[in-house]
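Each chain, letter by letter, is given below.
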Amino acid sequence: MTAALGIAGAVLALLLFLLLCPVGYRCRVSREGGFAEVRLFGGLLRKSVRWPDGRTGGEPEAEEAEEEGRADEPAQAVPVGKETPLRLDADGTPLPAEEAGEEKAASPQAEESGRKPPGALAVFSYAWDNGTVEIVLRALRKLFRHSRPKTFRLTGRAGLGDPMKTGTAAGLLYALLPGSACIQWDYTGRCFDVTAEARGSVVPLYILYIIGGVLASGPVRRTRAYRAGRPVPISPDHT
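Please read these numbers as outputs of a predicted model, since none were measured by experiment.

Engineer: Can you walk me through the packing of aromatic side chains in this structure?
Structural biologist: Any aromatic ring pair is given by two values, namely how distant the centres are and how the planes are angled relative to each other. By the definition in use, this model includes five aromatic pairs. Each ring, one from F17 and one from F41, has its centre 6.1 Å from the other, and the planes form 10°; the classification is stacked. Taken together, the residues span a long stretch of sequence, with F17 in helix 1 (residues 2-20) and F41 in the loop between strand 2 (34-40) and strand 3 (45-51) at a distance of 24 residues. You can call F17 partly exposed: its relative accessible area is 48%. Assessed through its relative accessible area of 28%, F41 is described here as partly exposed. Ring geometry for Y126 and Y226: centres 4.3 Å apart, planes at 10°, overall stacked. With Y126 in helix 4 (residues 120-130) and Y226 in helix 8 (residues 218-227), this residue pair connects regions lying 100 residues apart in the sequence.

This is how it looks when you write it as structure tokens:
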């Protein structure tokens, strides 16, 4: 018993350590493609992908050979299910399914709740009234503040073909991203060859904490029940 508790404690401690370890990310996007990388333990473990030629599902030759093999296989016969017996009237004419008394099977949710699930607009209105939208937006702000890039840089050349429009775009960009834009502006020609690069890190445990708090809140749980078509005994404005 003591050994089992010790093993469980060690596993929980290792899991907590992994969730508290920051996960670094780096991405770069340009006109030719992009690159994204995730780093763990200061770069000891890395996973990266490139696009548009960053296929990770296997070698192209192997995939093409597999597709050719599938094309050469004979088509398999599709089994035919049991036909529903027809009901005839007194003259021997087949009756429609509705007149024969056949009904479509109701969905499990409808059978359990006894009412039809609401539409997307009704769900959004309910979520707005009971505070779910506010909770989700507040969580998104927290996630953005936590995971936003520590370093963001724009480099390259850009021009809109008009000096006034190019100058306006440059001013807006320098105002929104002070110190991050290092672009060579072309005030007479039209071009766009800009590369964006971002670096940052996130703590998985904090991300799970934010998401878990949203899912566990009362308004969100009631909205999920309302969306599934289950009865909600509490009024929407009750938080």
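Still more ground to cover, so stick around.
Engineer: Looking at this model, I keep getting lost on the nonpolar core. Mind explaining?
Structural biologist: Nonpolar side chains in soluble globular proteins tend to end up buried together. Counting eight residues, the largest nonpolar core consists of L154, A158, A170, L173, A181, I183, W185 and V194. Looking at this core, the elements that each hand over two or more residues are strand 4 (151-160), helix 6 (163-176) and strand 5 (181-185). Among residues more than four places away in sequence, those in contact with L154 are L173, L177, S180, A181, C182, I183, V194, T195 and A196. Membership of the second largest hydrophobic core comes to five residues, among which are I135, I210, V214 and V220.

Engineer: Quick question: what am I supposed to make of the pairing of strand 6 (residues 190-202) here?
Structural biologist: Within a regular strand, the side chains alternate between the two sheet faces. As judged from the seven bridges shared by strand 1 (residues 23-29) and strand 6, these two strands associate in the antiparallel manner. Considered in strand 6, the bridge of G24 is made with S201. Judged from the 10 bridges that link them, strand 4 and strand 6 form a sheet pairing that is antiparallel. Within strand 6, the position partnered with G156 by the bridge is V194.

Engineer: So what exactly am I meant to see when it comes to a nonpolar patch on the surface here?
Structural biologist: Together, L14, F17 and L18 make up an exposed nonpolar region whose accessible area comes to about 290 Å². Its place among the elements puts L14 in helix 1.

Reading the values: rules and limits
- Residues numbered from 1 in each chain as written.
- Predicted model: local features only at pLDDT ≥ 70, side-chain atom pairs only at ≥ 80, totals over all residues.
- Heavy atoms only, no water.
- Phe/Tyr/Trp six-rings, centres within 6.5 Å; stacked < 30°, edge-to-face > 60°.
- Helix = DSSP H or I, 4+ residues; strand = E, 2+ residues; numbered from the N terminus.
- Buried < 20%, exposed > 50% of the residue type's maximum accessible area, 1.4 Å probe, protein only.
- Core = buried A, V, L, I, M, F, W, Y, C linked by side-chain atoms within 4.5 Å.
- Contact = heavy atoms within 4.5 Å.
- Pairing = 2+ DSSP bridges.
- Patch = residues over 30% accessible without salt bridge, like charges linked within 9 Å, V, L, I, M, F, W, Y side chains within 5 Å.
- Areas by Shrake-Rupley, 256 points an atom, 1.4 Å probe, with all protein chains shown as cover.
- Salt bridge = Lys/Arg side-chain N within 4 Å of Asp/Glu carboxyl O.

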